[in-house]
Amino acid sequence: RGLPLVRHPWLAYPEDLATLTAGGQFFLGRSVLVAPVMHQGRVTASAYLPAGSGEWFDPFGGSAHEAGDGRRVDLQAPLGRPGILLARGDASSAALAQAFRDALN
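Below: a short report on this structure. None of these values were measured; they are calculated from a predicted model.

A look at the environment of Pro82
Looking at where Pro82 falls in the secondary structure, it is placed in the loop between β7 (71-76) and β8 (83-87). It is 10.0 Å that separates the C-alpha atoms of Pro82 and Leu33, two residues lying 49 residues apart in sequence.

Next up, the structure:
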């Protein structure tokens, strides 16, 4: 398809126009959402879950978030680890979660 791996939220989910203004985050494909801390001293990051994108889970803490009609969530992002959510139901989500834990813990 010619799409880049690292995507602006709108490029990952063009059907949700709110993604046009969802700054401070990016997607790796459509199933990995990354929300890095943007301000010194913060340990949480805010992320927008695109409408209709299903359930997302934190590979480190296991918390789950349902996107519903589109909503913002706060993610734990201590020093050295960005806020990351994985799309539940993606065939590789369990292996990907383990890879993130191995690489960033």
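Once the structure has been displayed, the description carries forward.
Section: the pattern of salt bridges
Evaluation of the coordinates by the stated rule reveals 2 salt bridges. Between Glu55 and Arg88 there is a salt bridge whose closest N-O contact spans 2.6 Å. One end of the pair, Glu55, is in strand β5 (residues 55-57); the other, Arg88, is in the loop between β8 and α2 (93-104), with 33 residues separating them in the sequence. Residue Arg88 is classed as partly exposed on the basis of its relative accessible area of 43%.

Here we look at α2
Compared with an ideal rise of 1.5 Å per residue, which puts 12 residues at 16 Å, α2 spans 16 Å between its outermost C-alpha atoms and is within 8% of the ideal. Every buried residue of α2 is accounted for by Ser93, Ala97 and Phe100. All buried residues of α2 project into a common sector of 60° when viewed along the axis, lining one side. Seen from the buried face of α2, the exposed residues on the opposite side, beyond 90 degrees, are Ala94, Ala95, Asp102 and Ala103. Among the structural elements, β3 (32-35), β5 and β8 are those in contact with the buried residues of α2.

Describing the environment of Leu28
Looking at where Leu28 falls in the secondary structure, it is placed in strand β2 (residues 26-28). Taking the C-alpha atoms as reference points, Leu28 and His8, separated by 20 residues in sequence, lie 9.1 Å from one another. Ignoring anything within four residues of it in the chain, the contact list for Leu28 reads Leu5, Val6 and Val34.

As for the sheet that holds strand β1 (residues 6-7)
Spatial ordering of the open sheet is given by β1-β2-β3-β8-β5-β6, a layout of 6 strands whose pairing is antiparallel. Every other strand in the sheet has two partners, leaving β1 and β6 (64-66) as the edge strands with one partner each. Against the sheet, α2 makes contact with β3, β5 and β8, and its axis sits at roughly 160° relative to β8, the strand it touches most.

So, the packing of aromatic side chains
Inspection of the entire model under this criterion finds 3 aromatic pairs. Consider the rings of Tyr13 and Trp56, whose centres lie 6.5 Å apart with planes at 70°: the pair is edge-to-face. In this pair, Tyr13 is assigned in the loop between α1 (9-12) and β2 and Trp56 in strand β5, connecting sequence segments 43 residues apart. By relative accessible area, which is 5% here, Tyr13 ends up buried. Judged by its relative accessible area of 0%, Trp56 falls in the buried class. Members of the aromatic cluster, joined through ring pairs, are Tyr13, Phe27 and Trp56. Here Arg30 stacks its cationic end above the ring of Tyr13, 3.9 Å away from the centre of that ring.

Rules used in this analysis
Residues numbered from 1 in each chain as written. Predicted model: local features only at pLDDT ≥ 70, side-chain atom pairs only at ≥ 80, totals over all residues. Heavy atoms only, no water. Helix = DSSP H or I, 4+ residues; strand = E, 2+ residues; numbered from the N terminus. Salt bridge = Lys/Arg side-chain N within 4 Å of Asp/Glu carboxyl O. Buried < 20%, exposed > 50% of the residue type's maximum accessible area, 1.4 Å probe, protein only. Expected span 1.5 Å × (residues − 1). Arc of directions from axis to C-beta. Contact = heavy atoms within 4.5 Å. Pairing = 2+ DSSP bridges. Axes fitted to C-alpha atoms, helices over the stretch in contact; angles between N-to-C directions. Phe/Tyr/Trp six-rings, centres within 6.5 Å; stacked < 30°, edge-to-face > 60°. Lys NZ or Arg CZ within 6 Å of the ring centre and 35° of its normal.

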